[in-house]
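Examination of the molecular architecture
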Amino acid sequence: MTKDLTQLEILTELEPVAEQNLNRHLSMAKDWHPHDYVPWDEGRNFAAMGGVDWEPEQSRLSDVAKAAMITNLLTEDNLPSYHRLIAENFSQDGAWGSWVGRWTAEENRHGIVMRDYLVVTRGVDPVALEQARMIHMTQGVDAPPDWDGFLVNVAYVTFQELATRVSHRNTGKVCEDPIADRMLQRVAADENLHMIFYRNMCGAALDLVPDQAIMALTRVLTSFVMPGAGMPNWRRNSVLMAKHGIYDLRQHLDEVVSPVLKKWNVFERNDFGPRGEQARERLGEFMEKLARDVLKFEEQRDRMLAREAAKGDLQPA
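Residues numbered from 1 in each chain as written. Predicted model: local features only at pLDDT ≥ 70, side-chain atom pairs only at ≥ 80, totals over all residues. Heavy atoms only, no water.

Section: the pattern of salt bridges
According to the stated counting rule, one finds 17 salt bridges in the structure shown. Here R250 and D254 are joined by a salt bridge, their closest N and O atoms 3.2 Å apart. One end of the pair is R250 and the other is D254, both in helix α10 (residues 249-263) and four residues apart, which spans about a single turn. Accessibility expressed as a relative area gives 26% for R250, which makes it partly exposed. Shared partners join several salt bridges into a network, and the residues in it are D31, R102 and E106. (Salt bridge = Lys/Arg side-chain N within 4 Å of Asp/Glu carboxyl O. Helix = DSSP H or I, 4+ residues; strand = E, 2+ residues; numbered from the N terminus. Buried < 20%, exposed > 50% of the residue type's maximum accessible area, 1.4 Å probe, protein only.)

Side note on the packing of aromatic side chains
Inspection of the entire model under this criterion finds eleven aromatic pairs. An angle of 80° between the planes, with centres 6.2 Å apart, marks the rings of F90 and Y198 as edge-to-face. With F90 in the loop between α3 (79-89) and α4 (94-121) and Y198 in helix α7 (residues 178-208), this residue pair connects regions lying 108 residues apart in the sequence. Across the pair, exposure class does not vary: F90 and Y198 are buried alike. Look at W99 and Y198: their rings are 5.5 Å apart centre to centre, the planes differ by 85°, and that puts the pair in the edge-to-face class. With W99 in helix α4 and Y198 in helix α7, the pair connects residues that are 99 residues apart, well separated along the chain. In this structure an aromatic cluster arises from ring pairing among F90, W96, W99, W103, F150, F197 and Y198. (Phe/Tyr/Trp six-rings, centres within 6.5 Å; stacked < 30°, edge-to-face > 60°.)

So, the UniProt feature "binding site: Fe cation 2" (unreviewed entry) in the protein
What UniProt calls "binding site: Fe cation 2" (unreviewed entry) maps, in this numbering, to E107, E161, E191 and H194. Maximum C-alpha separation among the annotated residues is 10.6 Å over a sequence range of 88 residues, consistent with a single clustered spot. If you trace the backbone, E107 turns up in helix α4. On the basis of relative accessible area, E107 is assigned to the buried category, the value being 4%. Ignoring any residue separated from it by four or fewer positions in sequence, one finds E107 in contact with E76, L79, E161, E191 and H194. By the secondary structure assignment, E191 is in helix α7. (UniProt positions renumbered as here; feature names shortened; annotations may be inferred. Contact = heavy atoms within 4.5 Å.)

What to know about the packing of helix α2 (residues 63-77) against helix α5 (residues 126-139)
It is at 10 Å that the axes of α2 and α5 come closest, and there the two elements cross at 45°. Compared by their axis directions, α2 and α5 come out oblique. Between α2 and α5 lies a crossing of right-handed hand. Here I70, L73, L74 and D77 of α2 lie close against α5, whose contacting residues are L129, A132, R133, H136 and M137. Across the contact of α2 with α5, the residue classes break down as six nonpolar, one polar and two charged. (Axes fitted to C-alpha atoms, helices over the stretch in contact; angles between N-to-C directions. Parallel < 35°, antiparallel > 145°, perpendicular 65-115°, else oblique. Left-handed = near helix turned anticlockwise from the far one by under 90°. Nonpolar A, V, L, I, M, F, W, Y, C, P; charged D, E, K, R; others polar.)

Right, here's the structure in full:
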């Protein structure tokens, strides 16, 4: 039986891989500036500066777009919580520390540009948005209590970054505003590079400590929640986003979970011991259940949308 490695031993063994992937990231990352993505000429003062406060009719965004933009922005706003978790479970030294700092700085731009866009265009109520930010950041990240250690956290952020990329990209489309779409394409491109770093690190961990890594990976996927869980109006907004294709179970399975597991050859590997095989078997059962759940969700959603369409047809003009 192979001896488990400690957290420190894993981080030490993987630091050369972290340095290699950090350098790769820096060579591919594009510098950009949030102010270049905001239509400042649409801005005007609010009442405190002698202007007019926000009213719902000022927004050009649909209810779906508002829910998605608020959810995505509040997720980005909670960056200090994620930084703390990553820093505590990775390292603040060497390549690890350099990565954590760089990742945090890049993620911070996302919150800046999205808030500036929403305030300038009056897309959502800025007072309600600020109240929700205060609540969400005070609560911090809603992570299970046993989600500690490098392996669990690197597995989670791999899937979380990819899920966030999908959500941002689809949010840009439903905004029906080329400025918002361009902005969120830029944000999504960052998230994709972040995902690649974490995916490569998690893949290296699978090679280094297969049993420990697959056990952590299975724990993450079988109890996965989006990073925005727990924020104000989370249930309403996440249901609305799923219902209208911003981020739903089908996307979670086909665009996030399955491609990453395929990249790691999880179900073709032959380097697992008894514990790893048991975890992989559990993961396989979970994937089969997820596929069934996707079909159920789509059937329910289609029926719901059909009912809503029928009601709309019956309403007087």
